[in-house]
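In case you want the letters, here they are:
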Amino acid sequence: MRIAIYGAGALGTILGAYLTRAGLDVTLVTRNTAHVAALNQKGAKIIGETEMLQPVKAVLPEDMSDCYDVVFLMTKQSENQATAEFIKTKIKDDGVLCTTQNGLPELKLMEILSPHRVVGTTVIWGASPVEAGVVRLTSNVNNMSFQIGSLAEGSTERLQTIKDILQHMCPVYIEENFLGARWSKLLINAAFSGLSTIFDVTFGKVADNRKMRAIAQRVIKESIDVAKEADIAIMPVQGRNVSRLMDYKRPIKKKIANLIIPIAMKKHKSIRSGMLYDLERGRPTEVDAINGVVCDFGRRYRCATPFNDRIVEIVHQIEAGALVQSPDNIHLFDDLL
């Protein structure tokens, strides 16, 4: 079986190193020529929560072959249409495209490839780039997992194939209610990726700062309320029922939920939003594919999402150069609190 990791940034490099170490035939694909050169010459070096130096095979997109059985899509969603059309020419007729992207990318990808060939994965761990060939694992190795699933019927065999591959790295759970699993990751990303980007801090800083935490809590609550209106049953994450823990109607439950946030995020406190790296490189972020999804569903089901709306607005202002990412941006939420 031939496997390609398309978009081998921090997450993809770590996944590729683990799978290669397990003896699988894996090709890491990225447009970053310096990263490709370093990976081929020195191997993938992982630091942080684990230490690893693993020889890997890396290529530019134009150097891919045309006979992959499985392609893990780990790029940003802004170019999904063109990227999926390209990958379609590089994958076998019965091959599987597995997206690890945030939000709900499967819906668009299923329009390009046949629905049963598209599988989704939520990545319950984080990583950040350091330099060419070097990446940092920012999540505890004992608290990493994947949740996989499909929005199409008849994908059981393909899901098992993806599980067999990914479990070489960490535990993998097949979710029958994959939309609910997607939403459980989405509401966490909406809160912590969005605010990490705006305030230029780690997830742990968002959770520890009282005012930032209050904003994150409201973002999560909006996401839960939208899911209810859309009849989406939010799935647990690593055994924790997020919607039950973070939903509230009475002040006492709201206070308890607020106190839970730093505890729940402790194992992922070092994560820094990938959108910050996009901004540093002058690229558009994925805010529309994260907070924007909550906003879109909110409009569809007539459920107000003022905090998610504000995050989308602020991030776009930062992209346009009208604002800079800074903890000082916290005052931009004063009228909503």
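The rules behind the values
- Residues numbered from 1 in each chain as written.
- Predicted model: local features only at pLDDT ≥ 70, side-chain atom pairs only at ≥ 80, totals over all residues.
- Heavy atoms only, no water.
- Pairing = 2+ DSSP bridges.
- Helix = DSSP H or I, 4+ residues; strand = E, 2+ residues; numbered from the N terminus.
- Axes fitted to C-alpha atoms, helices over the stretch in contact; angles between N-to-C directions.
- Contact = heavy atoms within 4.5 Å.
- pLDDT = per-residue confidence, 0-100.
- Salt bridge = Lys/Arg side-chain N within 4 Å of Asp/Glu carboxyl O.

### A word on the sheet that holds strand E6 (residues 68-73)
Next up, step 1: Strand order across the open sheet formed by 8 strands is E5-E2-E1-E6-E7-E8-E11-E12, with mixed pairing between neighbours. Every other strand in the sheet has two partners, leaving strand E5 (57-59) and strand E12 (172-174) as the edge strands with one partner each. Mean inter-strand twist for the sheet, computed between neighbouring axes without regard to direction, equals 25°.
Next up, step 2: Inspection of the sheet shows E6 paired to strand E7 (residues 91-99) by 5 bridges, in the parallel sense. The residue of E7 that forms the bridge with Tyr68 is Ile91.
Next up, step 3: Seen against the sheet, helix H1 (residues 10-21) touches strand E1 (2-6), strand E2 (25-29), E6, strand E8 (118-124) and strand E11 (145-149) and runs at an angle of roughly 165° to E2.
Next up, step 4: On the sheet, helix H2 (residues 33-42) packs against E2 and E5 and is oriented at approximately 155° with respect to E5.

### Some words on the confidence of the model for the protein
Next up, step 1: For the protein, per-residue confidence averages 92 on the pLDDT scale, and 99% of positions sit at 70 or higher.
Next up, step 2: Ranking the elements of the protein by mean pLDDT puts helix H9 (residues 242-246) last, at 80, and H2 first, at 98.

### A short note on the pattern of salt bridges
Next up, step 1: Within this structure, the stated rule accounts for 18 salt bridges.
Next up, step 2: Residues Asp69 and Lys92 are paired through a salt bridge, measuring 3.0 Å at the closest nitrogen-oxygen approach. Taken together, the positions of Asp69 in strand E6 and Lys92 in strand E7 put the pair 23 residues apart, joining distant regions of the chain.
Next up, step 3: When salt bridges with common partners are traced through the structure, they connect Lys76, Asp278, Arg283 and Glu286 into a single cluster.

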